[in-house]
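# A closer look at the structure
Each chain, written out:
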Amino acid sequence: DALQAAQRAKKRNRPVAELDLQVDEARRELKQADTVVRTAMLDLGPVLALFPEVQRNPIIQQHLGLSISFDLLQLWRLGHSLEQFSTCELQPTTSRHPVFKVVEGGMTYAVKEYIAASGEEGLRICLREVALLRRARHTHIVDIVAVFADLDK
């Protein structure tokens, strides 16, 4: 909400200093919450490996949003979206998928956006491709450090 309010104010040439402070505070809170969720997800991983039926629990599915393999669980960033990065710039590329240069916490990353057109099945296909890329080791393939799905798009 703070980010949207700041963007609207910038478009209308209104003062944004206070709104920028709110955005920064919201990002700090998000980062703290993300750390807690990541720790919980990593704790959940070994349980899912030993007891895969846990993943079929409706409460677990509600929080994960989908069935996800143990390999990808450590990369999964629940509730993330491109708007949460401090900067996000579309990069020129010949790829059929858009690539963004993003900055978070002083670190720069490349984010490749895959459109999961067929809903949950499309997301499963995308996650299978991510799992394949994660196992691939080649000098021309970058390491995957996170996976997220913007379910609002």
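Conventions used here
- Residues numbered from 1 in each chain as written.
- Predicted model: local features only at pLDDT ≥ 70, side-chain atom pairs only at ≥ 80, totals over all residues.
- Heavy atoms only, no water.
- Helix = DSSP H or I, 4+ residues; strand = E, 2+ residues; numbered from the N terminus.
- Buried < 20%, exposed > 50% of the residue type's maximum accessible area, 1.4 Å probe, protein only.
- Contact = heavy atoms within 4.5 Å.
- Pairing = 2+ DSSP bridges.
- Axes fitted to C-alpha atoms, helices over the stretch in contact; angles between N-to-C directions.
- Patch = residues over 30% accessible without salt bridge, like charges linked within 9 Å, V, L, I, M, F, W, Y side chains within 5 Å.
- Areas by Shrake-Rupley, 256 points an atom, 1.4 Å probe, with all protein chains shown as cover.
- Salt bridge = Lys/Arg side-chain N within 4 Å of Asp/Glu carboxyl O.
- Lys, Arg positive; Asp, Glu negative; His and termini not counted.
- Charge placed at Lys NZ, Arg CZ, Asp CG, Glu CD.
- Polar contact = N/O pair within 3.5 Å; in protein donor to acceptor, adjacent residues only side chain to side chain.

Let's shift gears to the overall build of the protein chain. Summing up its helical and strand segments, the protein chain has five helices and three strands in all. Across the protein chain, helices and strands are ordered from the amino to the carboxyl terminus as α-α-α-α-β-β-β-α. In the protein chain, buried positions account for 27% of the 153 residues. Considering only intrachain contacts with a sequence separation of at least 6, the fraction spanning at least 24 residues in the protein chain is 41%.

The pairing of strands in a sheet happens through backbone hydrogen bonds and is either parallel or antiparallel. Taken in spatial order, the three strands line up as β1-β2-β3 in an open sheet, and their pairing is antiparallel. Unpaired on one side and paired on the other, β1 (87-91) and β3 (107-112) mark the two borders of the sheet. Each adjacent strand pair in this sheet contributes to an overall mean axis angle of 25°, direction not counted. In terms of strand pairing, strand β2 (residues 99-104) meets β3 through six bridges, oriented antiparallel. Across the sheet, residue V99 finds its bridge partner in β3, namely K112.

Pairing between β1 and β2: five bridges, direction antiparallel. By the bridge assignment, E89 is partnered in β2 with K101. The antiparallel pairing of β2 with β3 creates a hairpin that spans two residues between the two strands, and G105 there sits at a positive phi of about 60°.

What follows covers the environment of L3. Mapped onto the elements of the fold, L3 is located in helix α1 (residues 2-11). It is 7.8 Å that separates the C-alpha atoms of L3 and D20, two residues lying 17 residues apart in sequence. Among all residues touching L3, those that are not within four sequence positions of it are V23, R27 and E83.

For the rest of this paragraph, the subject is a positive patch on the surface. Together, R8, K11, R12 and R14 give the surface a local cluster of positive charge. For R14, the position within the fold is in the loop between α1 and α2 (17-50). Judged by relative accessible area, which is 53%, R14 ranks as exposed.

So, about a nonpolar patch on the surface. A cluster of nonpolar side chains, V47, L50 and F51, forms an exposed patch at the surface whose accessible area comes to about 300 Å². Relative to the assigned elements, V47 resides in helix α2. Taking relative accessible area as the criterion, V47 reaches 34% and is therefore assigned partly exposed.

A word on the side chain of H97. For H97, the location among the structural elements is in the loop between β1 and β2. Within the structure, H97 has its side chain in polar contact with the side chain of R96 (distance 3.5 Å). Among residues more than four places away in sequence, those in contact with H97 are K112, E113 and Y114.

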